[in-house]
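Spelled out, the chains give:
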Amino acid sequence: RRVLLLGEGNFSFAAALCGAPGTHVVATCYESEEEAAGRGGAARSIRRLRDSGAEVVFSVDCAKLKEYFSPGEREFDRIYFNFPHCGRKAGVVKNRELLACFFHSCPEVLAEQGEVHVALCNGQGGTPADQPRREWHNSWQIVAVAAGAGFILSDVHPFQAETIHGYKCTGYRSQDKSFCVEGALNHIFTRSTPPPCSTPVSCKMKLGSQKVSFQVPQVLVDKINRGFLEVNSSHPVRTIKEKLSAGLSQAFPLHNISSCLPLLHQGHPDGVCHSNLFWITPSPGEAPSTEETPQGLADTVWFSHFGQGTDRNVQEGCPIPKQFHLRPSLLPHAQAIIQKGAFSPGTLHVLSGPVFRRCRITPHSMPVFHEMLVVLTVSRGTESSCVQMLVDNIKATTSSLHQAVPGIKSSISLQEAASFGTELNDFAAFECQLGEIQHFICVGTDPDPSGSCVGVIRTAPDELKSSELVVVSASLNLDLLAMLLCGISDWRMLWTSDRRFLQQFPEGELRLFKSFSLYPPSYVHDVSFWVPGGEEFDEVAFHTLARRVSGEMVVSIQLRDSFQQPGTGRRSLCYRVTFQSCDRALGCREAAEMQLRFREEIQQHLGVTLR
């Protein structure tokens, strides 16, 4: 591998690396050869480097790296910059600028999977790994600075100078003097994935005999056709679904309903809030060719990317009800099958697939997730014992999954809806809109042992014409289960396109997730506006616009202030919007641009007056 070292003082660090097998070292410093050789021990280290075949280059500016290497010599696997400093008594602002110029120069000479190692003295980095931690404004803010150049902090560990044979730090205030490296940290940065695709996506589908097309809502463009549940997927969502199915099959005859379930539902479901649905305006679509049409599917879907200037068929945030909406649940599909009499009594039928719900922004609130719906028809009078058997089986399977993930302490419980004492999360609150619930299935983990609702159980005798049978159904949020069982703190990580996520989950295995983006920077902006008097403000639409404009980079929206103007009846609202990514680099300039676009969008789509 090719290793580039920058800002070497006496070249003792480079000399310690040059003997490593399979490593070609290129050691550089900012000073001329004459200036560098005057430092204690530098001449000896330089001779050792050259004798071992390493390259030594002088007068190298870390902000202009590509100028010193020809195109064929720029693919470095690792870049080291130990204790960078502008020299003399330069303050934190000057050193931040130095780091910013360095990080912007790195992509031009770094291999695609390469790493950038930056060692800083204790406290300089400004991350929680520093002990003690400096105030943010008094640190070098290294993670935010690197994010501006497209890098994320993937690891941080102590810089153990005593383990580096022959190493001696030097350069205190540009002099041949050592400095304290006790508590110093080595920060390891990697390239971030590029922003998700923002090209509009067209969905063509067959609804019965009618062929229609519509534009996928922008917030779902990178989530609509990911195939997490497909046979060749190693995603933890599929692993959990398969393990649960295998466990349930031990207690019940099991039938997987594998036919393609419609993406669109027609009309307005009773009891469901209008703003929680993704409303769609389909338009007549061209008939797909014979070769494209899968056989035996009632509803067929094709996806394609729009070109520039394509008419939009989706109007997000529009208060006028539309004829169709993206399915918010698989329950209507099960009900339709039951009413046709296609369910075998005593057999557990399993439906699974993504469902779509507009919701507020929180780490556990998902505009799309994978639902697993299990439905059982049983003889009247036996439903209580069947529910208990179903829950016991889900408990046992979930417990075995949890035991396979060391480091996670979890417990699963069944709580009656009438006595449920925990505040409902967004998943459970929406399920309550779909119909009466008998029990909530909760998974508790540290530090929240009280539990988060991951599923609901219903009994519905009215769905069957037969007075002898009762329908028992259990709806499970597979994404929430994956988060709780694998220690994933943010739902957005499940949808990342970064290959490092799935690399942690070999097919059929669940493991404790280790984030590859540590201490991601956050940027706080406030927005204030007037709402016309007498009008209700649609917070869900407000949050949905934030999701769309930022590409899911908003992690929190909090109401900070509200007051009503006497006389006019107008209301003033002030919200605090926090931008933060869980998986890719987000710089302060990019976040500020998102905030400006957000202000424009809420004024245009929500009819508010900015303050």
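An unreviewed UniProt entry lists the protein under the name phenylalanine--tRNA ligase, with Oriolus oriolus given as the organism. Comment text from UniProt for the protein, heading Catalytic activity (unreviewed entry), reads "tRNA(Phe) + L-phenylalanine + ATP = L-phenylalanyl-tRNA(Phe) + AMP + diphosphate + H(+)".

**Q** Explain the side chain of Asn 477 residue by residue, including any values.
**A** Mapped onto the elements of the fold, Asn 477 is located in strand β21 (residues 469–477). Note on Asn 477: relative accessible area 1%, which makes it buried. Separated by 3.1 Å, the side chain of Asn 477 and the backbone nitrogen of Asp 479 make a polar contact. One polar contact links the side chain of Asn 477 to the main-chain amide nitrogen of Leu 480, over a distance of 3.0 Å. Apart from residues lying up to four places away in sequence, Asn 477 is in contact with Met 366, Phe 369, His 370, Phe 427 and Val 454.

**Q** Can you explain the packing of aromatic side chains? Please cite residues and give values.
**A** Any pair of aromatic rings gets described here by the distance separating the centres and the angle formed by the planes. For the coordinates displayed, the defined rule picks out 24 aromatic pairs. Ring plane angle 65° and centroid distance 5.9 Å describe the contact between Phe 11 and Phe 58, whose orientation is recorded as edge-to-face. With Phe 11 in the loop between β1 (2–6) and α1 (12–17) and Phe 58 in the loop between β3 (55–57) and β4 (76–82), this pair connects stretches of sequence that are 47 residues apart. By the burial criterion, Phe 11 is buried, and Phe 58 matches it.

**Q** Summarise the pattern of salt bridges; cite the residues concerned and give the values.
**A** What the rule picks out here adds up to 15 salt bridges. Ionic pairing is found between Arg 360 and Glu 539, a salt bridge with its closest N-O pair at 3.0 Å. With Arg 360 in the loop between β16 (348–356) and β17 (368–379) and Glu 539 in helix α12 (residues 539–550), this pair connects stretches of sequence that are 179 residues apart. With a relative accessible area of 39%, Arg 360 lands in the partly exposed category. Between Glu 431 and Arg 458 there is a salt bridge, with its nearest N and O atoms 3.0 Å apart. Taken together, the residues Glu 431 in helix α9 (residues 426–434) and Arg 458 in strand β20 (residues 448–460) connect sequence positions 27 residues apart. Of the two residues, Glu 431 and Arg 458, neither departs from the other in class, the shared state being buried.

**Q** Residues and numbers for the environment of Val 471, please.
**A** By the secondary structure assignment, Val 471 is in strand β21. As for Val 471 and Phe 343, which are separated by 128 residues in sequence, their C-alpha atoms are 10.0 Å apart.

**Q** Before we move on, can you summarise the sheet that holds strand β11 (residues 264–266) with the specific residues and values?
**A** Hydrogen bonds between backbone groups are what pair the strands of a sheet, and the pairing can be parallel or antiparallel. The strand order across the open sheet built from three strands is β11-β15-β12, with neighbouring strands paired in antiparallel fashion. At either margin of the open sheet sits one strand with a lone partner, and together these are β11 and β12 (279–280).

**Q** How would you summarise empty space enclosed by the protein if you had to cite specific residues and measurements?
**A** Considering all chains together, one arrives at three cavities of 30 Å³ or more under this definition. If you add up the space inside the largest cavity, you get close to 50 Å³. Lining the largest cavity, in full, are Val 143, Ala 147, Phe 151, Ile 152, Leu 153, Ser 517, Pro 520, Pro 521, Ser 581, Arg 584, Ala 585 and Leu 586. Those elements that place two or more of their residues in the lining of the largest cavity are α5 (142–147) and β6 (151–158). When residues in the lining of the largest cavity are grouped by element, the largest group, three residues, is from β6. Residue composition of the lining of the largest cavity, grouped by class: nine nonpolar, two polar and one charged. Summarising the domain contributions, the lining of the largest cavity has at least three residues from each of domain 1 (2–191) and domain 3 (523–610). Space inside the second largest cavity adds up to approximately 40 Å³.

**Q** Pulling in residues and values, what's your account of the environment of Asp 561?
**A** Tracing the backbone through its elements, the reader meets Asp 561 in strand β23 (residues 554–564). Along the primary structure Asp 561 and Arg 576 are separated by 15 residues, whereas in three dimensions their C-alpha atoms are 9.4 Å apart.

**Q** Pulling in residues and values, what's your account of the nonpolar core?
**A** Core analysis: the largest hydrophobic core is formed by 92 residues, its most contacted members being Ile 240, Leu 351 and Leu 390. Non-local contacts of Leu 351, meaning those with residues more than four positions away in its chain, are made with Ile 257, Leu 261, Leu 330, His 333, Ala 334, Ile 337, Glu 371, Met 372, Leu 373 and Val 375. Membership of the second largest hydrophobic core comes to 30 residues, among which are Val 60, Val 92, Leu 120 and Phe 151.

**Q** Mind laying out the sheet that holds β1, listing which residues take part and the relevant values?
**A** In space, the seven strands of this open sheet follow the order β3-β2-β1-β4-β5-β7-β6, with mixed pairing throughout. Bordering the open sheet on either side are β3 and β6, each of which pairs with just one other strand. Across the sheet, the mean angle separating the axes of adjacent strands is 20° when strand polarity is ignored. Relative to β4, β1 runs parallel, the two sharing four bridges. In the sheet register, Leu 4 faces β4, and the bridge partner there is Ile 79. On the sheet, helix α4 (residues 92–105) packs against β1, β4, β5 (110–120), β6 and β7 (185–191) and is oriented at approximately 160° with respect to β5.

**Q** How would you summarise the environment of Thr 362 if you had to cite specific residues and measurements?
**A** Looking at where Thr 362 falls in the secondary structure, it is placed in the loop between β16 and β17. Placed 128 residues apart in sequence, Thr 362 and Asp 490 show a C-alpha to C-alpha distance of 8.7 Å. A polar side-chain atom of Thr 362 sits 2.6 Å from a polar atom in the side chain of Ser 365.

The rules behind the values
- Residues numbered from 1 in each chain as written.
- Predicted model: local features only at pLDDT ≥ 70, side-chain atom pairs only at ≥ 80, totals over all residues.
- Heavy atoms only, no water.
- UniProt positions renumbered as here; feature names shortened; annotations may be inferred.
- Helix = DSSP H or I, 4+ residues; strand = E, 2+ residues; numbered from the N terminus.
- Buried < 20%, exposed > 50% of the residue type's maximum accessible area, 1.4 Å probe, protein only.
- Polar contact = N/O pair within 3.5 Å; in protein donor to acceptor, adjacent residues only side chain to side chain.
- Contact = heavy atoms within 4.5 Å.
- Phe/Tyr/Trp six-rings, centres within 6.5 Å; stacked < 30°, edge-to-face > 60°.
- Salt bridge = Lys/Arg side-chain N within 4 Å of Asp/Glu carboxyl O.
- Pairing = 2+ DSSP bridges.
- 1 Å grid on protein atoms, 1.4 Å probe; cavity = no way out; pocket = protein on both sides within 12 Å on 5 of 7 lines; lining within 4 Å.
- Points joined across faces, edges and corners; volume = space filled by probe spheres on them.
- Nonpolar A, V, L, I, M, F, W, Y, C, P; charged D, E, K, R; others polar.
- Domains from an automatic or database assignment.
- Core = buried A, V, L, I, M, F, W, Y, C linked by side-chain atoms within 4.5 Å.
- Axes fitted to C-alpha atoms, helices over the stretch in contact; angles between N-to-C directions.

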